[in-house]
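Next come the chains, spelled out residue by residue.
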Amino acid sequence: MHTKSLLKSVLYSFLLFSYFSFSKSVNAEAKYQIIDFDTSRYPQISVDLKVRENLLSIEKEVLITEELNTAKKVASDYNLSVHSEPFPLHVYLSIPSYANWEEKKWLMQFSHNIASLVEKSKGRFYLNVQSDDQFHFFEGIPASKLSPSFSLPKEKDPKFPLRSWEKVVNRMKNDDHANKILITVSLQTEWEDKFRIADFAKKVNQENLKVFVVSPNSLETKKLASYVNGKFFAITSEDGIGNLFQELNTASLPKVRLVYISPWNVSVWSQSNLNVNISFGEEGGVTFPYEISALNSLYLKFIDPFVFYPVLFFFIILCFSVLFYLRGFDLAKSKDSFNTKSKVPTIRKIASPTEDTERSKNEVEIYERVYGDVAEKARENEIIAKYLDREEIFGETYHTAVIVFKDGNLSGSKYPIQSEETTIGRSEECDLMLSDPYVNLIHAKIKKVRGRHLLFDCASESGVLLNGKKLLRPKALHDLDEIRIGKTIFSFRGR
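Residues numbered from 1 in each chain as written. Predicted model: local features only at pLDDT ≥ 70, side-chain atom pairs only at ≥ 80, totals over all residues. Heavy atoms only, no water.

Give me the overall build of the protein: which residues, what numbers.
The helix and strand inventory of the protein stands at nine helices and 25 strands. Of the contacts made within the protein by residues no fewer than 6 positions apart, 62% connect residues no fewer than 24 positions apart. (Helix = DSSP H or I, 4+ residues; strand = E, 2+ residues; numbered from the N terminus. Contact = heavy atoms within 4.5 Å.)

For the sheet that holds strand β22 (residues 469-470), give the residues involved together with the corresponding values.
The strand order across the open sheet built from six strands is β16-β15-β25-β24-β21-β22, with neighbouring strands paired in antiparallel fashion. The open sheet has two edge strands with one neighbour each: β16 (414-417) and β22. Two elements, strand β15 (residues 401-405) and strand β25 (residues 488-494), share five bridges in a ladder whose sense is antiparallel. In the strand pairing of β25, F405 is matched with F490. (Pairing = 2+ DSSP bridges.)

Please give an account of the nonpolar core that cites residues and values.
Ranked by internal contacts, the top residues of the largest apolar core, which has 32 residues, are L93, I114, F125, I183 and L248. Only β6 (90-95), α2 (101-120), β7 (124-129), β9 (180-185), β10 (210-215) and α6 (238-251) provide two or more residues apiece to this core. Considering each element in turn, this core owes the most residues, seven residues, to α2. I114 has contacts with V91, L93, F125, I183, F245 and L248, leaving out every residue within four places of it along the chain. (Core = buried A, V, L, I, M, F, W, Y, C linked by side-chain atoms within 4.5 Å. Buried < 20%, exposed > 50% of the residue type's maximum accessible area, 1.4 Å probe, protein only.)

Tell me about the environment of N128, and please be specific about residues and values.
Note that N128 resides in strand β7. For the pair N128 and I95, spaced 33 residues apart in the sequence, the C-alpha separation amounts to 6.3 Å. If near-sequence neighbours (up to four positions away) are discounted, N128 is found in contact with L93, S94, I95, F135, H136, F137, S164 and V168. Engagement of the side chain of N128 in a polar contact is seen with the side chain of S94, the distance being 2.8 Å. (Polar contact = N/O pair within 3.5 Å; in protein donor to acceptor, adjacent residues only side chain to side chain.)

Any chance you could break down a nonpolar patch on the surface for me, citing the residues and the numbers?
A cluster of nonpolar side chains, contributed by F306, V307, V311, F314, F315, L318, V322, Y325 and L326, occupies part of the molecular surface with about 910 Å² of accessible area. As for its position among the elements, Y325 is in helix α8 (residues 305-343). (Patch = residues over 30% accessible without salt bridge, like charges linked within 9 Å, V, L, I, M, F, W, Y side chains within 5 Å. Areas by Shrake-Rupley, 256 points an atom, 1.4 Å probe, with all protein chains shown as cover. Salt bridge = Lys/Arg side-chain N within 4 Å of Asp/Glu carboxyl O.)

Before we move on, could you go through helix α4 (residues 197-206) and cite the residues and values that matter?
Among the residues of α4, those classed as buried are I197, F200, A201 and V204. Projected down its long axis, α4 carries its buried residues within an arc of 100°, all on one side. Away from the buried face of α4 by more than 90 degrees, exposed residues K202 and Q206 are located. Along its buried surface, α4 packs onto α3 (161-172), β9, β10 and α5 (219-227). (Arc of directions from axis to C-beta.)

Help me get a handle on the pairing of strand β8 (residues 136-139), residues and values and all.
By the bridge criterion, four bridges tie β7 to β8 in an arrangement that is antiparallel. Bridge pairing links Y126 to E139 in β8. Between β7 and β8, which follow one another and run antiparallel, lie six residues.

Next comes the structure, spelled out in structure tokens:
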């Protein structure tokens, strides 16, 4: 009995120690954070800060030191200013579904208040409804729509809420905004996937995300808030919800810009690594490093719009000038060659009208023979391109395909389709020649396009019937399709 009581007291002491440790780590947050800094106008340095108090009241207590090769200098020339607009919030709110009307009413009112605060900061609001099976994610919902009549998805109590939160974190990875917050709401004190808290916290800390945990007060919820370096707010306490909205208001406070002149004023073409420490009285401060190098200076100058666009305009003018000069040089060269040729006397034989007519006929015949097929192919490819752009081809892809005759003397005989294009008609030049007086010389053809076999009507008089219907445009053939050309009937087989 003595041993059991001793174990109970030790366990109780451990739980109390954990509770107070978690509470301390959860509620601790730096008063000053660096959002961004700019060294493109060195020696002038601009630093955007996120603060939790009025810095203008302690402007005289600001101390800026720069360290270079273990030597330090103090910057005496600086200026503090506050942005006129609030810092926009990107809030990702994850809530459970509801079990009754009262829960839905509370969840919608809670979401409406947060969305209103986000709209006031000119930010963005995202809503996730937790589910073990699906991922419900809403973007751009105005606060006015978040009322009890909103069609909130009805789901069971989530047993694995960390799954939904991990998916929300994956969405947040694509958001480059500096002031984004994940608010996780849970009505339960424990979750079946609580063993994944460490893995979830690792993903959150890698992305440097701010997380607010809103749930009943328990060891697991405190543990989650501590692991993700976030804050815990008790959902059962009015003070907890009030503190949450106070934190959101603080997060949307306008940014503070600190502009100072570097005391070192090193050359922008030299290689220098400097460490900056900004102290705000006895309240602590922030540090950040920056680098001055020739390559970095060129890059910063190049991305400056006042430098980039004039240089781009200059190169465009230069390219046009070079092209104009080369074109003029080619024209002058062609004129010189023309003048040289014109100086050479030529004797031309005057042909008789009969010879000219005969030669013209021969030229026309040769032109039609050489370029007729090319022009026809070009027109056909243009028709196919327009057809493919207008609508998608639906059909099966076949590695081998044959045409099987269904009637007449050739009934049962097969013709394999091997080439990219198979022409059908009475002409001897056709791949599949039919002895049918109702068939044109080139009546139809089958062409392979994107692995499908397309049937074309080559402007025939009697047309082509596919499965009893007249073919009005190219169509993809399927296995066992019936084709009728003139009086000849055959089927298409593919596999």
